[in-house]
Amino acid sequence: MAREWSDLVRLSGGASLIVERARLSDSDIAIEGSFMLPPLAQLSAEDQIFVAAFVGCHGSIKDMERLFGISYPTVKSRLDKLKRQLKMVEAMPTPTLDAREDALEQLDKGLIDVKEALRRLNK
């Protein structure tokens, strides 16, 4: 299966692929339409191997250095490139709905002031 994907990527010249038919492997059920490949499948075969190795190393950059014979900055650079390719963003954590409701309820009951409520809502 991996060989088929790498052949397909090579043949496509790196252009994005759209899957138009999917079939369940253990039945004759097929779905047709226009499906984008999942982000990891859109990576080059080399990058997919790097991601799989990183997961296999439990995220240890030291282990990746040893496995690939590359330096710490090179591993970090590859990971940054992959992060951009996968369009991952570092989102600031937002309070859960429960935390928001709790802060507003405490404000309503006079248990906290407006300044404290705003601080909790903006965490």
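Each value, and the rule that gives it
Each chain carries its own residue numbering, running from 1 in the direction its sequence is written. Given that the model is predicted, a residue must reach a pLDDT of at least 70 before its local features are reported, and side-chain atom pairs must reach 80 or more before they are shown or counted; all residues, however, enter totals for whole chains, interfaces and linings. Side-chain descriptors were evaluated using all non-hydrogen atoms of the structure, hydrogens and water having been removed beforehand. Should DSSP find at least two bridges between two strands, the strands are taken to pair. Helix and strand definitions follow DSSP, with helices as H or I runs of at least four residues and strands as E runs of at least two, each counted in order from the N terminus. Axis geometry follows a simple rule: fit a line to the C-alpha atoms, using only the stretch in contact for helices, then measure angles between N-to-C directions, giving values from 0 to 180 degrees. For classification purposes, an angle smaller than 35 degrees is called roughly parallel, one larger than 145 roughly antiparallel, one from 65 to 115 roughly perpendicular, and anything else oblique. Working rule for contacts: check all heavy atoms of both residues, and any pair within 4.5 Å makes them a contact. Each residue is assigned to one of three groups, with Ala, Val, Leu, Ile, Met, Phe, Trp, Tyr, Cys and Pro labelled nonpolar, Asp, Glu, Lys and Arg labelled charged, and all others, Gly among them, labelled polar.

Peer 1: Explain the pairing of strand β2 (residues 30-36) to me, and be specific about the residues and the numbers.
Peer 2: In the sheet, strand β1 (residues 18-23) pairs with β2 via five bridges, with the strands oriented antiparallel. Directly across from Arg21, in β2, lies its bridge partner Glu32. The antiparallel pairing of β1 with β2 creates a hairpin that spans six residues between the two strands.

Peer 1: Lay out the packing of helix α3 (residues 61-68) against helix α4 (residues 72-85) in plain terms, naming residues and giving numbers.
Peer 2: One way to put it is that α3 packs onto α4 with a least axis distance of 9 Å and a crossing angle of 105°. Looking at the two axes, α3 sits roughly perpendicular to α4. Residues Ile61, Met64 and Glu65 of α3 form the contact with α4, whose own contacting residues are Tyr72, Val75, Lys76 and Leu79. When its residues are assigned to classes, the contact of α3 with α4 shows five nonpolar, no polar and two charged.

Peer 1: Give a detailed account of the side chain of Asp47, specifying residues and quantitative values.
Peer 2: If you trace the backbone, Asp47 turns up in helix α2 (residues 45-56). For Asp47, the residues in contact, after removing those within four places along its chain, are Arg78, Lys81, Leu82 and Gln85.

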